[in-house]
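# Secondary and tertiary structure notes
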Amino acid sequence: WDIASNVVIWSDEAYRIYGFEPHSVKADYGLFMEVVHPDDRVMIERRIREALSNTKAYSGVEHRIVRADGVERVVQENGEVEFDENGTPVSMIGTVSDVTEHNRLETEVLKAQKLESIGLLAGGIAHDFNNILTAVLGNISMAKIRLSQEDTVWKRLAEAEKATEQARGLTQHLLTFSKGGAPVKSVVELGSVVRDASLFALRGSNVKFTYSIAGNLWPVEADEGQIVQVINNLIINADQSMPNGGDIRLECVNVELGAGAVSQLGSGEYICITVKDYGCGIEKESLLKIFDPYYTTKKRGSGLGLAATYSIIEKHGGVIVVDSMPGAGTTFKVYLKAANEPVVERVSGDPVPVKGTGRVLVMDDEDGIRELLTDMLAYLGYEVETVKDGAGAIESYRSALVNGIGFDAVIMDLTIPGGIGGREAIKELLDIDPGARAIVSSGYSNDPVMAEYERYGFSGVVAKPYMIGKLSSVLYDVIGNA
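Residues numbered from 1 in each chain as written. Predicted model: local features only at pLDDT ≥ 70, side-chain atom pairs only at ≥ 80, totals over all residues. Heavy atoms only, no water.

Overall, parallel pairing links the five strands, which are arranged β12-β11-β13-β14-β15 in an open sheet. Both outer strands of the open sheet, β12 (383-387) and β15 (460-463), are each paired with one neighbouring strand and no more. Shown here is a sheet whose adjacent strand axes are inclined to one another by a mean of 20°, direction ignored. The pairing of strand β11 (residues 359-363) with β12 spans five bridges and is classified as parallel. (Pairing = 2+ DSSP bridges. Helix = DSSP H or I, 4+ residues; strand = E, 2+ residues; numbered from the N terminus. Axes fitted to C-alpha atoms, helices over the stretch in contact; angles between N-to-C directions.)

Shown next, in the form of structure tokens:
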């Protein structure tokens, strides 16, 4: 930039970055300032004045531009001013780089790091909470089976069970953040899941809700509970953006995407879930932060809802995108890869307990859970022995084999603080007896071992908290059908 004549020379690449065909327009200072985003012009003019007065270097300057085609990008500029012998600025030379994608990727990395930072804490809390809930739900289920459904106490226990189930949902919220966690997936048709979750989230709301779900919706491989959590978060956010009522529209359709059609997704078949509201919208500066843990614009918000949503969709290999305009509403779109396998039918509620016979070894560090399982398994018809950790399990299993009274199954807690857990113990158990049948159990319900238990040598899996019906069916599958 020749300051005296105001002649500016741009490279061909500079023209392209600013959105012009090379040499199609005269490059001068005025054109440059027209391209700078209106909200950034004051800052850029100040930085240029500081450079020309030799009070501040013009380097690493980032700002937005609005290209000729209306597309907004972010650029970084570095410049150096040349002065004459009197200290008068005569020219400025520098570079411009389009850093839009670099900044976007950097933002994604920061999001991931923020989620990781609370992963260990959230996972630990959820694990301990699930141990407590196992004792609560298990004891409730044991009490209920000894009562008639007409009994007043049975009805009170049923209400307590229902409330505890809601508490279990909160632990899933926390487990979303657990480091290295994986969804426990099955092939499901999400149309009814999405609809029911939306209607449940809007109970008592004054908004008008309409939905459109494709009749031939492709199945997806997903953790149904986590997807319900996603829909709850999106619908509740939409509802809260319209305190005086309004419209929420839900759409669930099949889409075929070409390469690059949606950032971070390859070409192929997807389902797209759209949640649109006509509420207050989201300011641009907030839009960049809405998926950050603990960021919220609500007076009564934890800032975890959308962070959990982002994490869930990322772990499913999908993408969530948001578009919003202050005063005009917000649209969220969730893309999930379609599956090529048949849908697995859903089973609701705790199944009827299945009785059996055999010897079962229980390994758990919690005294209350060992006592509960002793009671449960005895009721179901099994002989029970309990140990506190993996070392005890290995010793008891080896001793039982030597004495000719081996165990038909072992229920192993995955994580034992300060001791050998199920992941390590199963390896030695299979060395002792390649035919050993073990069931892994954990409050870390989305640990990779729980999602792919057979790969780690287990014959079954039961996530905490559980009730007697679920435990009995898993145990019967492992022992009864062996």
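Bringing the pattern of salt bridges into the picture now. Oppositely charged side chains can pair when the atoms bearing their charge come close. Enumeration over the complete set of coordinates arrives at 17 salt bridges. Taking the shortest distance from any N to any O, the salt bridge between Glu161 and Lys144 comes out at 3.2 Å. Of the two residues, Glu161 sits in helix α6 (residues 152-175) while Lys144 sits in helix α5 (residues 119-144), which places them 17 residues apart along the sequence. Neither Glu161 nor Lys144 differs from the other in exposure class; each is buried. Between Glu428 and Arg398 there is a salt bridge whose closest N-O contact spans 3.9 Å. In this pair, Glu428 is assigned in helix α13 (residues 422-432) and Arg398 in helix α12 (residues 390-402), connecting sequence segments 30 residues apart. With relative accessibility at 37%, the residue Glu428 sits in the partly exposed group. (Salt bridge = Lys/Arg side-chain N within 4 Å of Asp/Glu carboxyl O. Buried < 20%, exposed > 50% of the residue type's maximum accessible area, 1.4 Å probe, protein only.)

Remark: helix α7 (residues 190-201) packs on helix α8 (residues 224-240), axes separated minimally by 9 Å, with the N-to-C direction vectors making an angle of 45°. The orientation of α7 relative to α8 falls into the category oblique. For α7 against α8, the interelement crossing comes out right-handed. Across the interface between the two elements, Leu190, Val193, Val194, Ala197, Ser198 and Ala201 of α7 pack against Glu224, Ile227, Val228, Ile231, Asn232, Ile235 and Ile236 of α8. (Parallel < 35°, antiparallel > 145°, perpendicular 65-115°, else oblique. Left-handed = near helix turned anticlockwise from the far one by under 90°. Contact = heavy atoms within 4.5 Å.)

Here the amide bond leading from Lys464 into Pro465 is cis, since omega sits at -5°, within 30 degrees of zero. Inspection of the secondary structure assignment puts Pro465 in the loop between β15 and α15 (468-480). Located in the positive-phi region is Asn6, a residue other than glycine, with phi close to 60°. Examined against the element boundaries, Asn6 turns out to sit in the segment before α1 (12-18). For Gln264, which is not glycine, the phi dihedral falls at a positive 80°. Take Gln264: it is sitting in the loop between β7 (247-257) and β8 (268-277). According to the relative accessible area criterion, Gln264 is exposed, its value standing at 56%.

This part takes up the nonpolar core. Core analysis: the biggest nonpolar cluster contains 36 residues, and Leu190 and Ile248 have the highest contact counts within it. Those elements that place two or more of their residues in this core are α7, β6 (220-222), α8, β7, β8, α10 (305-315) and β10 (329-337). If one sorts the elements of this core by residue count, α8 sits on top with six residues. With residues near it in sequence (within four places) discarded, Ile248 still touches Leu202, Val207, Lys208, Phe209, Thr210, Ile235, Ala238, Asp239, Met242, Val275, Lys276 and Asp277. Counting 23 residues, the second-largest nonpolar core is a separate cluster that includes Phe32, Val36, Ile44 and Val75. (Core = buried A, V, L, I, M, F, W, Y, C linked by side-chain atoms within 4.5 Å.)

On to the packing of aromatic side chains. Applying the stated criterion to the full structure yields eight aromatic pairs. Aromatic side chains Trp1 and Tyr29 sit 5.0 Å apart centroid to centroid with 15° between the ring planes, which places their arrangement in the stacked category. Taken together, the positions of Trp1 in the segment before α1 and Tyr29 in helix α2 (residues 29-35) put the pair 28 residues apart, joining distant regions of the chain. With centroids separated by 4.8 Å and ring planes inclined at 35°, the aromatic side chains of Trp10 and Tyr18 adopt a geometry described as tilted. Judged on exposure class, the residue Trp10 and its partner Tyr18 are both buried. (Phe/Tyr/Trp six-rings, centres within 6.5 Å; stacked < 30°, edge-to-face > 60°.)

Of the pockets and cavities examined, the second largest pocket occupies roughly 1600 Å³. Arg104, Thr107, Glu108, Leu287 and Leu288 are, among the 40 residues lining the second largest pocket, the residues nearest its centre. When residues of the lining of the second largest pocket are traced back to their parent elements, those giving at least two are β2 (72-83), α4 (100-117), α9 (284-287), α10, β9 (319-325) and β10. If one sorts the elements of the lining of the second largest pocket by residue count, α4 sits on top with nine residues. (1 Å grid on protein atoms, 1.4 Å probe; cavity = no way out; pocket = protein on both sides within 12 Å on 5 of 7 lines; lining within 4 Å. Points joined across faces, edges and corners; volume = space filled by probe spheres on them.)

The next point concerns the sheet that holds strand β3 (residues 89-98). Where strands meet in a sheet, backbone hydrogen bonds hold them as pairs that are either parallel or antiparallel. Reading across from one edge, β1-β2-β3 is the order of the three strands in this open sheet, with antiparallel pairing throughout. In this open sheet, the two edge strands, each paired with only one partner strand, are β1 (58-66) and β3. Along the sheet, successive strands turn relative to each other by an average axial angle of 35°, direction set aside. Two elements, β2 and β3, share nine bridges in a ladder whose sense is antiparallel. The residue of β3 that forms the bridge with Asn78 is Thr95. Contacting β1, β2 and β3, helix α3 (residues 41-52) crosses the sheet at an angle of about 155° to β1.

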